[in-house]
Each structure stands twice: as structure tokens, then as C-alpha cells.
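Structural overview
So you can see what is in the structure, the chains are spelled out below.
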Amino acid sequence: MSTRGATPSQPATPPRRRRRAVRALGFGVVALLVFEGVLNLVLNLGVIPHIVHRATSRTYLGWSRAWWLWPAPVHVQDFFLEQHDNDAQWRVDVERSEARLSLTSFLHRRVDLGFLHAWGVRVRVRPIPPLERAVPGPPSAHPWSVSLRGLEIRDGREVDWGHGRYIGPWEADGAVTLVGGERVSVSASRIELSQGAVELGQRRAANVDSMLADLTLDVPKKGPGAGDALGGLSGRARLKAELLPLDWLGPLLAHREALVLDEGAGHVEADVRWTRGRLAPDSRVEAQGEPLTLRLGPLRVRTPWHARGTVTAQGEGTREWLRFDFAPVLVGGYVGQLMELPEVALTFQAEPRPGERHPTYQRDLTVAPSRPMDLRTLNHWTGHTFRVDSGTAVLKARAQFESAQDTGDLHLSLGSDLINAQSGSVRMLGRARASIASHRLALREHEVGLDGTTLELTQVSADFPHKQVRGWEGTFSFPHALLALSPPSLDARFSGQFANADPFVALLTRKLGLPRFLAPLLDARDLRVSGRVWMGDAGMRVRELHATGSGLKLEASLDVRRDDLRARVLATVKGITGCVEVTPEGTHLHLGDARRHCEPLDAPP
């Protein structure tokens, strides 16, 4: 049988299959190129920032340039992310970054980054004052979320928070999760700072030698603990830093308008641990420095300093303890060194309260009694009116804190031994004690406010030409007192209560005997006085002087210049009123129309 003319079917030749494969590959490459082109076009036309801002109006992001050869990592230059929360505004700037991004996650309102490597990072956080905070809006039913795993920051440049800023290199590794309007979670396995600087209030405060930290932060945006960043903080930080001269600390202290702080450079080492926002056991900090100089008005204080702090376990909580030691403390003024305090210590501590979330806070200020102070330094202010020839005094301080919220007060007392002094040609002996609360003490550049000062005089003795004073005592209160420093003078209002009137009798009889009309002054008891006194190098003036005692009432003005006395006294004794004028030439008594002769009492006698 012949098979000629048979044409059986043949399979496709390999060249045809190759052509179909090449055609499919070409379509795929074209589609990929179109996809890559569209994807990169979307990245660089601002579409994504617009979509994100519409979904979350308080979030802003953008970049100057980006490219993505999918499925390789996306590359972004000059990226920024800014978020406006109810209590803070924060912004992150990144010079260069690359990340692995899931496109399908956008379909589920998620931004899912498999890793993110960033270089040239700057972080800024600005707390919003309470009065500027907006009322939180209702939460979104389907909030966007951001999941960032494998975060690596290299070549960090800056971290800015409110009034402080770190400038220098830093690195970080970790992960971040954000759920819009609901939660922010950060897990940093490593944060490292080295050879950078810290600024506070736009002044450089410290140079950071090294800091290594690991921490977790979980901040809910609603429900219990909403917005409490500190309450969601756990971790550990170890720091070594050099503290620069402390002039940067002055603006942060009380009385900053008059206080100048300088010198005191030192170093600090710290190992701090947190658990849910509370300091954890084994935390410690220690710092010390060279002598610092503190200028407050006319005072100059110079002292070395040392600070220590620890946290230890106590029951179910912790005991936190921090102490500042200053020793010795040298206090000076315009006339040189005034006194030396062997030690001043300020201690803060917090202890747990059973059944309470917040601990009990306690503060204690310990001031060692000063070394004896030579009272002859007062002669710079009293001039020739009153001069101290010998005598010393010791300063003591006592602190009071009524409650944990109380700012407390420091009561100062200056007590003397026997003082030997003179006024004009009259010599006097006695003891004195002055007391004042620190919150009433006003130290300014050219004057010192001494409102509320109390002056107690005891064992006072003096020999006047016509009167001897022995063992007298009395108490003066100064509701208002102002000590000017240049030229030196004292202007004060005073009141007092005394056992007898011996000093006043002695003053009025300094040149001549006491007029018979004022003889009841010799027997006056429980005398109450008030008035206004001015004392300076030129002498002493007393105005608005009022004195009352048993059967006696006085109104007077006096001028004392060295040994000269001029006085005008309007006295009512047993129902009779008279005017007594005292001059260096003699004493004159007017019984008829006495008030007319004495007026005006405030005029110089």
C-alpha cells in the first residue's frame, strides 16, 4: 500500500512558541513600565499627601522627590511628617530614606512598612498651652493606621522639645504603630546619642558624652490615661554628660528677673529606669560641679555643689530620694564677705501611700547655723548715726512646708551676742534678734525690701547725760522696711510694745532735763508706739510717731543729727494737752492752744 500524499498534523514549532512567549513578556514589561511610571507619577504629584490629609485633617506629609522600582524598596528625599494633636504638635524631617511598603495595605486603610532606613533625621515636638488646645473631635469609625517595623535611623541630627533641644549625632532602632485618634505605640530597642549638645532656653547647657537607652511608649488617645505620655513610658537610659557653666539655669528659677547664676560647671552620670511612667528601683543619678556664683540683688553667694538621687523598693511601691548639697556657702555684698554657712542641703523624696496611685511628696531644707558674723559690717549702712564697735551674730534658718503643694517658706533669724555700739556721744550695750520670712524678703540691685521684719532688743543699757537705761527690752515690728544701698539709708514703718519708756525719756533728755509736764513718762508702763523712721549717714528722722500708755498719749516728730536733737511733742497727760518743743538751745512748753503750736507735726521740728 502506498502512503504518498498523506499530510499528518504537526505540533507548533519551537520558534512560534518563543514568539508568543516574547510577546507576552513584552506585554508584561510594558505593563510593568506603565505601572512603575504611574506609581512614580503618583508619588511625585502629591496625590498620597492629599489623600492622607483628607482622611486625617491634622496630619501633613510630603517630600521633594521619590522613586520606586517596585517591588524593590521605595526611595524618598526631603520627607516630612507633621501631626497636630490636642496637646502637642510634632514634626519629623528626613533628608533621605528607603522603605519596603505594602501596596495592598492601602485597601484596608493601613500603611504597612516592612522596614524603614532613614538618614539625616530631625524631630521637633511643641507642647500646646492648655488655653490653646482644641476640643477633641469624635473618633473615626474606620481610622487609618501606620505599622512601621524594622526602623533604623542613622545620622540623626536634632531632637527639639519645647524649651529644650539636642543637637548632634544620634541613632535609633525600633518599631512604631499609630492608630489615628486612638493610640501611639513606640518600641525602641536602641537609642544612642554621642558627642552632642543640649540647649535649654536657647542657651547651651551640656555636652553629651554618651547616652544609651531602650524604651517602650504606649499612649492611648481616648479612654483611661488618654494623652498621658509619661504614664505609658517604660525603659532604661544611661547618660554621661558634661555640664557647662550654669548661667543657662538662671531663667528657669524663681525670681529670674533679678537672679544671675554663673560658673558651676561640672558633670553628671545617670542610670534611670521607668515602669509605666514611674521611676523604677535601682535608678540613680549623681552630679557635682565647681563653685557656682549666684547674684541676687546686692548679695553674692558662692558655693560648690553636689547632687545625688536614688530609687529603692519600698513595700509595693518605690521610695524616690534626691538631695542637693552646697558646702560651704559664702555670702557677700558690696562690703565684702558677710557670712559663711557651713552647709545648706535641699532634699526631695516621694514615698508610696497604701491604696493610692500617687505618692506622698516631702521636702526638707537644712541650713547649718552660720559662723559668727562681725556686725561692724553694718556701719557701712548706718554711717555716723549708729556705729557698732564690737559684736557678732549668727544666722539660723528654719523651713516650713505645710503640704505637698505648698511652696514652703524659710524663716531667717539673726541673733547677736552682746553688742557694744554708740550713737553720737552715747554708748550702748545690748542684744538683738531680727527675724523675717524669706517670701517677704525682696533683694533688688540697689535696695533690699525687709517687710515683715521683727526686731527684739534685750539687756539694753545706756548712759545718757540726764538718764540711765538698764536692762530695757522691747520688740519692734516693721510692716514695711526698705534698705537702700547707694547711698545707704533705711526707710521703715514700725510699731512696738515696751515695758517702759526709758529710751524715749533718755532721748528727749539728751541735752536737758525732762520737762515737768512729761514727768508721767517716767512711770509709763506697757507703752505702745508706731511711726515712720528714716536713718542715714546724715542722721535719723522720726515722723508720725504715736505712743499710748496708762494715762498718756503722745504724737511727735524727731530729728537726730549726731548729738543734736530737735523734737516736737504733742502730749495729753491726765486730760491736759501740751506742746513740747525740744531744740539744742532748750525746751519750750505750750499749754494754751497746744495743737496749734505743734502743727504741722510732720514738718521738721
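Read on for an overview of the structure. (Residues numbered from 1 in each chain as written. Predicted model: local features only at pLDDT ≥ 70, side-chain atom pairs only at ≥ 80, totals over all residues. Heavy atoms only, no water.)

1. What to know about the side chain of Thr318
By the secondary structure assignment, Thr318 is in strand β16 (residues 317–326). The exposure class of Thr318 is buried, given its relative accessible area of 10%. (Helix = DSSP H or I, 4+ residues; strand = E, 2+ residues; numbered from the N terminus. Buried < 20%, exposed > 50% of the residue type's maximum accessible area, 1.4 Å probe, protein only.)

2. Things to note about the pattern of salt bridges
On inspection of all chains with the given rule, the structure shows 29 salt bridges. Residue Asp93 pairs with Arg91 through a salt bridge whose shortest N-O separation is 3.0 Å. The exposure class assigned to Asp93 is buried, which follows from its relative accessible area of 18%. (Salt bridge = Lys/Arg side-chain N within 4 Å of Asp/Glu carboxyl O.)

3. What about unusual backbone geometry?
Of note, the amide linkage connecting Ala327 to Pro328 takes the cis form, showing an omega dihedral of -15 degrees. Looking at the element boundaries, Pro328 is found in the loop between β16 and β17 (329–333). With phi around 60 degrees, Asp155 is a residue other than glycine that occupies positive phi space. You can see Asp155 is positioned in strand β6 (residues 145–161).

4. What about the pairing of strand β28 (residues 447–450)?
The pairing of strand β27 (residues 441–443) with β28 spans 3 bridges and is antiparallel. The residue of β28 that forms the bridge with Leu443 is Val448. If you look at the hairpin formed by β27 and β28, you'll find 3 residues sitting between the two strands. (Pairing = 2+ DSSP bridges.)

5. Thoughts on the packing of aromatic side chains
All chains considered together, the criterion is met by 5 aromatic pairs. On the numbers, 5.2 Å between centres and 45 degrees between planes, the contact of Trp472 with Phe498 is tilted. Of this pair, Trp472 sits in strand β30 (residues 467–485) while Phe498 sits in strand β31 (residues 488–500), and the two are 26 residues apart along the sequence. Counting every residue linked through ring pairs, the aromatic cluster contains Trp472, Phe476, Phe478, Phe494 and Phe498. (Phe/Tyr/Trp six-rings, centres within 6.5 Å; stacked < 30°, edge-to-face > 60°.)

6. Structural notes on the environment of Ser435
Within the secondary structure, Ser435 sits in strand β26 (residues 426–437). As for Ser435 and Leu414, which are separated by 21 residues in sequence, their C-alpha atoms are 6.5 Å apart. Look past the residues within four positions of Ser435 in its chain and what remains in contact with it is Leu412, Ser413, Gly452, Thr453 and Thr454. (Contact = heavy atoms within 4.5 Å.)

7. Remarks on the side chain of Thr293
In this fold, Thr293 is placed in strand β14 (residues 284–296). For Thr293, a relative accessible area of 13% corresponds to the buried category. A polar contact of 2.5 Å, which involves the side chain of Thr293, links it to the side chain of Glu263. Within the local environment of Thr293, its side chain forms a polar contact with the side chain of Arg302, the two groups lying 2.9 Å apart. Here Thr293 is in contact with Val260, Leu261, Asp262, Glu263, Val301 and Arg302, once residues within four sequence places are set aside. (Polar contact = N/O pair within 3.5 Å; in protein donor to acceptor, adjacent residues only side chain to side chain.)

8. Things to note about the nonpolar core
By size, the foremost hydrophobic cluster in this structure holds 50 residues, and its most contacted members are Val121, Trp170 and Trp305. Looking at this core element by element, the count peaks at 6 residues for strand β5 (residues 110–127). When neighbours within four sequence positions are excluded, Trp305 is seen to be in contact with Leu243, Leu246, Gly264, Ala287, Gln288, Gly289, Glu290, Leu292, Asp325 and Phe326. Counting residues in hydrophobic clusters, the runner-up holds 32 residues, among them Val469, Phe478, Leu558 and Ala567. (Core = buried A, V, L, I, M, F, W, Y, C linked by side-chain atoms within 4.5 Å.)

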